[in-house]
Amino acid sequence: MAEGCEWPTDVVESYRRNGYWTGERLDRIADAAAARTPEKLAVIDDHDQITYAELLQRVDRLAASFSRRGLADRDRVILQLPNRIELITAATALMRIGVVPVYCLGSSRRRELAAISHRALAVALIVDATSEDGDGAQLAADVVAEVDSLKDVITSEEIRSASTIPDPVPSGSSFQSRPTQQIAGPDDVAFLQLSGGTTGTPKLIPRTHDDYLYSVRRSNEVCGLVQDDVFLAVLPAVHNFPMSSPGFLGALMAGGTVVLTESQHPAQVFDLIARCGASIVPLVPPMAHVWANFADMDPAAASKFSSLRLLQVGGAKLVPELARRLVNLVPGAVQQVFGMAEGLVCYTDPDDDIDIIINTQGRPMSPADEIRIVDHHDQPVPEGDSGHLLARGPYTIRGYFNAPDANHRSFTDDGFYRTGDIARIRADGTLVVEGRSKDQIHRGGEKISAEEVEDILLAHPSVDDVVVVAEPDEFLGERSVAVIVAHNEPQHDESALRRASIAEYMRNRGVDAMKVPDRVDLTDSFPVTGVGKISRAQLRTLIREQRSTAK
Ligand code: J2J
């Protein structure tokens, strides 16, 4: 199933020989802890809590129920669930029967879910029917109507009852008694994750059991995870960062406790940290900023953080000033994490020199990570200079799923992933991310593809041309600006291009609300170079430069 994205055979052998790939399955990640401490709390969410023994029991029941529903090995299933126990049980149960979950953001709407379903040739959708953003069941029905491969919709309620109500068939007699069923091996794709994206259509990241388990295991070693750790996911747990660096999976592997919350309000989250004794919390910089501001006003904040031993910040650039404030708030606990769902993860160590914690994004976590910093022609830059960051290694993918064209652009011939980040390596071996060459907006905790938003707006009847760029924002980190050349008919009504009208236009087309430009600027024309035609990417760069010098 991993056509076009496999590691070469000799590389596979060396990863196995060196013990990076162990031939285990991701859906067995909690088994060791369940055998050791069956009565220990494994997962707590805003509504419920379960022990390790219950986790395994729920996974078994759900796996049997998915099998009865007709799901089978290598099927792809869209999984759009919030930070609740069902997210973990459903994903694990799908993998148990060889089904490949495709993790989707809760904010994704019809357009995104349909595009992802198409790309994955998904057979079913698992959605939250109790979502506040609208009716999940209706959303799923709309997507099913658009995508031929989709045959089934499963709601979070159904997941809940199938996992808690005892099996109508005696336990274990369903899927386990199908000896003929061939489940793909640990070197095959375990799940698909969404790429941050730079193109008009989503790219899917295939992660294998072997490579992902290594990423989690190595993260646990670097972060020193133990069974006393309490991991709190405030970020959506479908993101790679709270899932695997070391994430909720790391906590389950270590036999710790995972706390999932749907609340992002700092007052509630601060209380939750104190109540559950959270020891590790991953955050994105905009959220860390809100926390730092909130803590300034709450004299009890620092005491609520007394159990925290790792406050991880990653996903976007952490400016030194904020890093310093966080270090003052939780001394000895701040860790920068630079990672990507495609693979490579770098960590600072809380024991590092303060200069490293504040000014760098740490070191690649594995001795087998291969890093290259190159110029436009893929030639290495002089030591210490900044350039394009390329990465290869035992947990960095070799290609996107079902995307030969994207693979040609995103990977070198010898298998390095082009991260799209501009970085340099300091003399002490730490990495500093200086910027990026990819046309992405890092807004809040999410990544938005400029090209995707442009493609949507280009279809607007009042838009002749449009370029979407990022600009700095105090709270979001970056916000998106659509610079639009309006349709040039004299009677044209420009109110159609006010932000509110654009937002409605996008909503009606089933687009995730976070992709609505934060600002819409109208312009008469775009700059063109003497040569005439220029690429979209060049145009974006030109407009970014023009706008920053105009300030
Ligand atoms: C600057 N940019 C960063 C950082 C990610 C751990 C942590 C984060 C992610 C993640 C992840 C950054 N400073 N500290 O998957 O396991 C930007 C880069 C990178 C892109 C990847 C993990 N940390 N970035 O954020 O796939 O541009 O993964 O290439 O969502 O985020 O985004 P994503």
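Residues numbered from 1 in each chain as written. Predicted model: local features only at pLDDT ≥ 70, side-chain atom pairs only at ≥ 80, totals over all residues. Heavy atoms only, no water.

- Per an unreviewed UniProt entry, the protein chain is named AMP-binding protein, and its organism is Brevibacterium aurantiacum.

1. Some thoughts on the sheet that holds strand S16 (residues 370–374)
Here is step 1: Read from one edge of the open sheet, four strands run S16-S17-S18-S19, paired in antiparallel fashion. What marks the edges here is a single partner per strand, and that holds for S16 and strand S19 (431–436). This sheet shows a mean twist of 45 degrees between the axes of neighbouring strands, independent of strand direction.
Here is step 2: The sheet contact formed by strand S17 (residues 387–392) and strand S18 (residues 417–425) spans four bridges and is antiparallel. The residue of S18 that forms the bridge with Gly387 is Ala423. (Pairing = 2+ DSSP bridges. Helix = DSSP H or I, 4+ residues; strand = E, 2+ residues; numbered from the N terminus. Axes fitted to C-alpha atoms, helices over the stretch in contact; angles between N-to-C directions.)

2. Brief notes about the nonpolar core
Proteins that are soluble and globular tend to have nonpolar side chains buried together.
Here is step 1: Counting residues in each nonpolar core, the largest one holds 145 residues, and the members touching the most others are Phe66, Leu71, Leu252, Val281 and Trp291.
Here is step 2: Counting residues per element, this core draws most heavily on helix H4 (residues 85–96), which supplies eight residues.
Here is step 3: Among the domains, domain 1 (367–436) and domain 2 (443–550) are the pair contributing at least three residues each to this core.
Here is step 4: In this view, Trp291 contacts Val234, Pro266, Val269, Phe270, Ile273, Val281, Leu283, Phe305 and Leu311; residues no more than four positions away in its chain are not counted. (Core = buried A, V, L, I, M, F, W, Y, C linked by side-chain atoms within 4.5 Å. Buried < 20%, exposed > 50% of the residue type's maximum accessible area, 1.4 Å probe, protein only. Domains from an automatic or database assignment. Contact = heavy atoms within 4.5 Å.)

3. Structural notes on the site of the ligand
Here is step 1: Taken together, 19 residues form the shell around the ligand, and within it Ser245, Val337, Asp421, Lys438 and Lys447 come nearest.
Here is step 2: Taking Asn240, its side chain carries an N or O atom lying 2.9 Å from an oxygen atom of the ligand.
Here is step 3: For the ligand, an oxygen atom lies 2.5 Å from a polar atom in the side chain of Asp421.
Here is step 4: For the ligand, the accessible surface in isolation is 610 Å², of which the surrounding protein chains cover 94%.
Here is step 5: Looking at the shell around the ligand, the elements that each hand over two or more residues are helix H9 (240–244), strand S13 (334–340) and S18.
Here is step 6: Looking at the shell around the ligand, the element that brings in the most residues is S13, giving four residues.
Here is step 7: For the shell around the ligand, the per-class residue count stands at seven nonpolar, eight polar and four charged. (Near = heavy atom within 4 Å. Polar contact = N/O pair within 3.5 Å; in protein donor to acceptor, adjacent residues only side chain to side chain. Areas by Shrake-Rupley, 256 points an atom, 1.4 Å probe, with all protein chains shown as cover. Nonpolar A, V, L, I, M, F, W, Y, C, P; charged D, E, K, R; others polar.)

4. Overview of helix H7 (residues 156–164)
Here is step 1: Residues of H7 that are buried: Ser156, Ile159 and Ser163. With its buried residues spanning 55 degrees around the axis, H7 presents them on a single face.
Here is step 2: On the buried face of H7, the contacting elements are helix H3 (52–68), H4, strand S5 (124–127) and strand S6 (152–155). (Arc of directions from axis to C-beta.)

5. Considering the environment of Leu204
Here is step 1: The residue Leu204 is located in strand S8 (residues 204–208) in this model.
Here is step 2: Not counting residues within four places of it along the chain, the set of residues in contact with Leu204 comprises Val102, Ile116, Arg119, Ala120, Leu192, Gln193, Leu194, Tyr400 and Phe401.

6. Examining the packing of aromatic side chains
Here is step 1: Under the counting rule described, the total for this entry stands at 13 aromatic pairs.
Here is step 2: Taking the centre distance of 6.2 Å and the plane angle of 70 degrees together, the rings of Tyr15 and Tyr20 count as edge-to-face. Each member of the pair Tyr15 and Tyr20 is classed as buried.
Here is step 3: When the centroid spacing of 5.3 Å and the interplanar angle of 75 degrees are considered together, the rings of Phe270 and Trp291 count as edge-to-face. On the criterion of sequence distance, the pair formed by Phe270 in helix H11 (residues 266–276) and Trp291 in helix H12 (residues 285–297) is long-range, its members being 21 residues apart.
Here is step 4: The exposure class assigned to Trp291 is buried, which follows from its relative accessible area of 2%.
Here is step 5: Among the aromatic side chains, those forming a connected cluster through ring pairs are Trp7, Tyr15, Tyr20, Trp21, Tyr214 and Tyr395. (Phe/Tyr/Trp six-rings, centres within 6.5 Å; stacked < 30°, edge-to-face > 60°.)

7. Some words on the packing of H3 against H4
Here is step 1: Following both chains from N to C, one finds H3 and H4 inclined at 55 degrees, their axes separated by 8 Å at the closest point. By the angle between their directions, the pair H3 and H4 is classed as oblique. As H3 runs across H4, the sense of the crossing is right-handed. Two secondary-structure elements touch here, H3 through Leu55, Arg58, Val59, Asp60, Leu62, Ala63 and Phe66 and H4 through Ile85, Glu86, Ile88, Thr89, Ala90, Thr92, Ala93, Leu94 and Arg96.
Here is step 2: The residue makeup of the contact of H3 with H4, split by class, is ten nonpolar, two polar and four charged. (Parallel < 35°, antiparallel > 145°, perpendicular 65-115°, else oblique. Left-handed = near helix turned anticlockwise from the far one by under 90°.)

8. A short note on the domain arrangement of the protein chain
Here is step 1: Each assigned domain of the protein chain is listed here: domain 1 (367–436) and domain 2 (443–550).
Here is step 2: When each unit is reduced to the centre of its C-alpha atoms, the spacing between domain 1 and domain 2 is 29 Å.

9. So, the pairing of S17
Here is step 1: With five of six residues buried, S17 lies mostly within the body of the structure.
Here is step 2: Sheet topology places S16 next to S17; five bridges connect them, and they run antiparallel. By the bridge assignment, Arg372 is partnered in S17 with Leu390.

10. Description of the packing of H12 against helix H14 (residues 320–329)
Here is step 1: As a packed pair, H12 and H14 sit with axes 10 Å apart at the nearest point and diverge in direction by 50 degrees. Classified by the angle their axes make, H12 and H14 are oblique. Once H12 is placed against H14, the crossing between them reads as left-handed. Two secondary-structure elements touch here, H12 through Pro285, Ala288, His289, Ala292, Asn293, Ala295 and Asp296 and H14 through Leu322, Arg325, Leu326 and Leu329.

11. Notes on the environment of Gln336
Here is step 1: When you line up the elements, Gln336 lands in strand S13.
Here is step 2: For Gln336, a relative accessible area of 2% gives the class buried.
Here is step 3: Note: C-alpha distance between Gln336 and Leu125 (211 residues apart in sequence) is 35 Å.

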